[in-house]
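Now for the letters of each chain:
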Amino acid sequence: MMAAEVVAAAGHRVTVFDRMPSVGRKLLMAGRGGLNLTHSEPYERFVGRYGEAAGWMAPLLAGFPPSAVLGWCEGLGQPHFTGSSGRVFPRAMKASPLLRAWLGRLAGLGVALVTRADWIGRDEDGTLHFADGRTHRADAVILALGGASWPRLGGDGSWVAALPEVAMIPLHPANCGFAVAWSAPFRRHAGTPLKRIALEHGGRRVRGEAMVTQAGLEGGAVYALSAPLRDAIARDGRTTLSIDLRPDLTAAELARRLGSARGSASLSTHLKRHASLAPVAIGLVQEALHQGNCAALPALIKAVPVVLTAPLGLERAISTAGGIALPGLDERLMIAHHPGLFAAGEMLEGEAPTGGYLLTGCLASGHAAGRGAVAWLAGQ
Ligand SMILES: Cc1cc2nc3c(=O)[nH]c(=O)nc-3n(C[C@H](O)[C@H](O)[C@H](O)COP(=O)(O)OP(=O)(O)OC[C@H]3O[C@@H](n4cnc5c(N)ncnc54)[C@H](O)[C@@H]3O)c2cc1C
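Residues numbered from 1 in each chain as written. Predicted model: local features only at pLDDT ≥ 70, side-chain atom pairs only at ≥ 80, totals over all residues. Heavy atoms only, no water.

(A) How the structure looks around the overall build of the chain. The helix and strand tally for the chain stands at 14 helices and 19 strands. For the C-alpha atoms alone, the extent of the chain along its principal axes is close to 85 × 40 × 35 Å. When the 380 residues of the chain are sorted by exposure, 49% land in the buried category. Taking the intrachain contacts of the chain between residues at least 6 apart in sequence as the baseline, contacts between residues at least 24 apart amount to 69%. In the structure as shown, the chain presents an accessible area of about 17300 Å², 55% of it carried by carbon and sulfur atoms. For the chain, the separation between the mean place of its 37 positive charges and that of its 29 negative charges on side chains is 12 Å. (Helix = DSSP H or I, 4+ residues; strand = E, 2+ residues; numbered from the N terminus. Buried < 20%, exposed > 50% of the residue type's maximum accessible area, 1.4 Å probe, protein only. Contact = heavy atoms within 4.5 Å. Areas by Shrake-Rupley, 256 points an atom, 1.4 Å probe, with all protein chains shown as cover. Lys, Arg positive; Asp, Glu negative; His and termini not counted. Charge placed at Lys NZ, Arg CZ, Asp CG, Glu CD.)

Below, the structure written as structure tokens:
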């Protein structure tokens, strides 16, 4: 839609096709968490968050940086605010007013919207084919079909099959949860958040929250470590995540607090009374003790080990890693050997953490693909 806005604003006739009955469903879903549009940290640090993708994202972000995202949001009549974490949200804390205003702007630019149009391929002459037999001839095409996470919102990665000769990195979950073989008694904590914790893996420490589920662990702090966790599991078959259940207290302070005689109190009462642990956190400590971990209690509370056995599937992942391989795209985001065919958004290889980097990256690459298509059309 950002690409459509740029191309239409340059005076071209634009049609947006989407297989769903309405557009922007994942944007609306992102809005349920407040719609974290971008981040307010210094620009250099912002670009660095794209990790291995920072090199090729940098020119795209330079063309549509976080400040442009904010200007665009304001231009759609949506004031924004910066949270204490530096994340930026529309003041409405949802996507629907922004999406409504955006669709209004696109309509004003003459952009036609065709829904329930399932794209299945493109001929060399630019003819698009749809699953119901419809065709559409276009001088330039910008694909922005998303990744494969939350497929019920529209994007399921089926476009990979429609681009057989384009170099791809296999799609896999990013910002995802992980499977844990919880004991049956611990499973009763499924659906309970672990609040004010710190997670540590491979020397990286992240403070935040995680959610215990029947299948394992998910939530913001887990997503922040998900790329190294996923890679460690791919390499070693499993990996151990260390959870600090009281990051605000030192082990020495915990030892002092837990040093008082336990008497006839149960372990869980003792931990609740002297370490102020929530039932789910006590359950984690007990889980480790049952598995034969004989570390002293303060050490266990500061670093309870949880073995992760696999990333949870794409169905619940926040985003997708992998996609169209970068060497196959030029700086305009045109696909090699496919003149007039561009790609943008989560279809492109690379991954970004949560924090507004995903939407900013998609808007920036959509803007770049739009500019690229306008420049290419001008040269025809
Ligand atoms: C629960 C959740 C919360 C999130 N929260 C945030 C957040 O707060 N901040 C943030 O930065 N990011 C967030 N994200 C990620 C962000 O929403 C995505 O990165 C972004 O929407 C991807 O944009 P896209 O245009 O590439 O793909 P999408 O938004 O997935 O759009 C792709 C579109 O293509 C259509 N399509 C797919 N295949 C076809 C086909 N063959 N034919 C026709 N149409 C097709 C789909 O129907 C869809 O409408 C969140 C994601 C989830 C799942």
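(B) Fine view of the sheet that holds strand 8 (residues 135-137). Overall, antiparallel pairing links the three strands, which are arranged 6-7-8 in an open sheet. Sheet topology places strand 6 (119-122) and strand 8 at the edges, where each strand pairs with a single neighbour. Strand-to-strand twist in this sheet, taken as the mean axis angle between neighbours without regard to direction, amounts to 25 degrees. Across three bridges, strand 6 lies against strand 7 (residues 127-130) in antiparallel orientation. (Pairing = 2+ DSSP bridges. Axes fitted to C-alpha atoms, helices over the stretch in contact; angles between N-to-C directions.)

(C) Representation of the site of the ligand in the model. Among the 23 residues in the neighbourhood of the ligand, the closest are listed as D18, N36, W119, E346 and L359. Within the side chain of D118, an N or O atom sits 3.3 Å from a nitrogen atom of the ligand. Between the ligand and the protein, one listed contact pairs a nitrogen atom with a backbone N or O atom of W119 at 2.9 Å. About the coverage of the ligand: the protein hides 89% of its 1000 Å² of free accessible area. If you list the elements that add at least two residues to the shell around the ligand, you get helix 2 (25-31) and helix 14 (357-379). For the shell around the ligand, the residue count by class is 12 nonpolar, six polar and five charged. (Near = heavy atom within 4 Å. Polar contact = N/O pair within 3.5 Å; in protein donor to acceptor, adjacent residues only side chain to side chain. Nonpolar A, V, L, I, M, F, W, Y, C, P; charged D, E, K, R; others polar.)

(D) Spotlight on the packing of helix 5 (residues 66-75) against helix 6 (residues 96-108). As a packed pair, helix 5 and helix 6 sit with axes 10 Å apart at the nearest point and diverge in direction by 80 degrees. Between helix 5 and helix 6, the angle falls in the class roughly perpendicular. Of helix 6, the residues touching helix 5 (which contributes W72, C73 and G75) are L98, W102 and R105. (Parallel < 35°, antiparallel > 145°, perpendicular 65-115°, else oblique.)

(E) The pattern of salt bridges, seen in detail. Evaluated as defined, the whole model comprises 17 salt bridges. A salt bridge links R134 to D132, with the shortest nitrogen-to-oxygen separation between them at 2.9 Å. Among the ionic pairs, K302 bridges to D244, the shortest N-O distance being 2.9 Å. Of this pair, K302 sits in helix 13 (residues 297-302) while D244 sits in strand 15 (residues 239-244); the two residues are 58 residues apart in sequence, bridging distant segments of the chain. (Salt bridge = Lys/Arg side-chain N within 4 Å of Asp/Glu carboxyl O.)

(F) Layout of unusual backbone geometry. The backbone of L35 sits at a positive phi, close to 60 degrees, despite the residue not being glycine. Following the sequence through the fold, L35 ends up in the loop between helix 2 and strand 2 (38-39). A relative accessible area of 0% places L35 in the buried class.

(G) Focus on the sheet that holds strand 2. Taken together, three strands build an open sheet; the order of strands is 2-4-3 and the sheet is antiparallel. At either end of the open sheet lies a strand with only one pairing partner, and these are strand 2 and strand 3 (80-82). With two bridges joining them, strand 2 and strand 4 (residues 87-90) adopt antiparallel strand pairing. By the bridge assignment, T38 is partnered in strand 4 with V88.

(H) Region of interest: the packing of aromatic side chains. A full pass over the atoms with the stated rule returns eight aromatic pairs. Measuring from ring centre to ring centre gives 5.0 Å for F46 and Y357, while their planes differ by 40 degrees; the resulting arrangement is tilted. In this pair, F46 sits in helix 3 (residues 43-48) while Y357 sits in helix 14, placing the two residues 311 residues apart along the sequence. Just as F46 is buried, Y357 falls in that class too. Centre to centre, the rings of F342 and W376 are 6.5 Å apart; their planes meet at 75 degrees, and the pair counts as edge-to-face. Of this pair, F342 sits in strand 19 (residues 341-343) while W376 sits in helix 14, placing them 34 residues apart in sequence. For the pair formed by F342 and W376, the shared burial category is buried. (Phe/Tyr/Trp six-rings, centres within 6.5 Å; stacked < 30°, edge-to-face > 60°.)

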